[in-house]
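Spelled out, the chains give:
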Amino acid sequence: MYTASGNWAYEVLGIQQEATPEQVKKAYRQLALKNHPDRVSYLGEEIRKKANEKFTKINEAYEAIKKEKMRASCASCLWFSCLPSFAASFYELRSSY
């Protein structure tokens, strides 16, 4: 995996960090289709290997972005899920005075 810079995955897919999930998916599908090793298999083994390496980078970038977006959305969901219990305990604490 390429972790030299935090934006490597976005650079591989050629998109901005502010891209929506639909834009990420569209960029991934276009690059995956264009760089799929089976599409260049008739050009020789060396070109197929290079295409396979690029295809692997594209897949790793897509997975990294998906995990990042999921972590961000789960973090916000967890924060909101804590609110009802916090509000209930705060109300109980307040009413005891």
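Scroll up to find the structure.
What comes next is a walk through the structure. If you're wondering where the values come from, they're calculated on a predicted model, not measured in any experiment.

### Overview of the overall build of the protein
Phase 1 of the analysis: Along the protein, the regular secondary structure elements total three helices and zero strands.
Phase 2 of the analysis: For the protein, the N- to C-terminal ordering of α and β elements is α-α-α.
Phase 3 of the analysis: Taken over 97 residues, the protein has a buried fraction of 22%.
Phase 4 of the analysis: At a minimum sequence separation of 6, the contacts of the protein that also span at least 24 residues come to 52%.

### Thoughts on the side chain of asparagine 35
Phase 1 of the analysis: Looking at the element boundaries, asparagine 35 is found in the loop between α2 (21-34) and α3 (45-95).
Phase 2 of the analysis: By relative accessible area, which is 14% here, asparagine 35 ends up buried.
Phase 3 of the analysis: The contacts of asparagine 35, once residues within four sequence positions are left out, are Ala51, Lys54, Phe55 and Ile58.

### A short note on the packing of aromatic side chains
Phase 1 of the analysis: What the rule picks out here adds up to one aromatic pair.
Phase 2 of the analysis: Between tyrosine 28 and tyrosine 62, the ring centres sit 4.0 Å apart and the planes meet at 10°, which makes this aromatic pair stacked. With tyrosine 28 in helix α2 and tyrosine 62 in helix α3, the pair connects residues that are 34 residues apart, well separated along the chain. Assigned by exposure class, tyrosine 28 and tyrosine 62 land together as buried.

### So, the nonpolar core
Phase 1 of the analysis: Judged by nonpolar contacts, the single largest core of 17 residues is most densely connected at Ala9, Leu13, Ile15, Val24, Tyr28 and Ile65.
Phase 2 of the analysis: When contributions to this core are tallied by element, the ones reaching two or more residues are α1 (8-13), α2 and α3.
Phase 3 of the analysis: With six residues, α3 is the single largest residue contributor to this core.
Phase 4 of the analysis: If near-sequence neighbours (up to four positions away) are discounted, alanine 9 is found in contact with Ala61, Ala64 and Ile65.

Reading guide: rules and limits
Residues numbered from 1 in each chain as written. Predicted model: local features only at pLDDT ≥ 70, side-chain atom pairs only at ≥ 80, totals over all residues. Heavy atoms only, no water. Helix = DSSP H or I, 4+ residues; strand = E, 2+ residues; numbered from the N terminus. Buried < 20%, exposed > 50% of the residue type's maximum accessible area, 1.4 Å probe, protein only. Contact = heavy atoms within 4.5 Å. Phe/Tyr/Trp six-rings, centres within 6.5 Å; stacked < 30°, edge-to-face > 60°. Core = buried A, V, L, I, M, F, W, Y, C linked by side-chain atoms within 4.5 Å.

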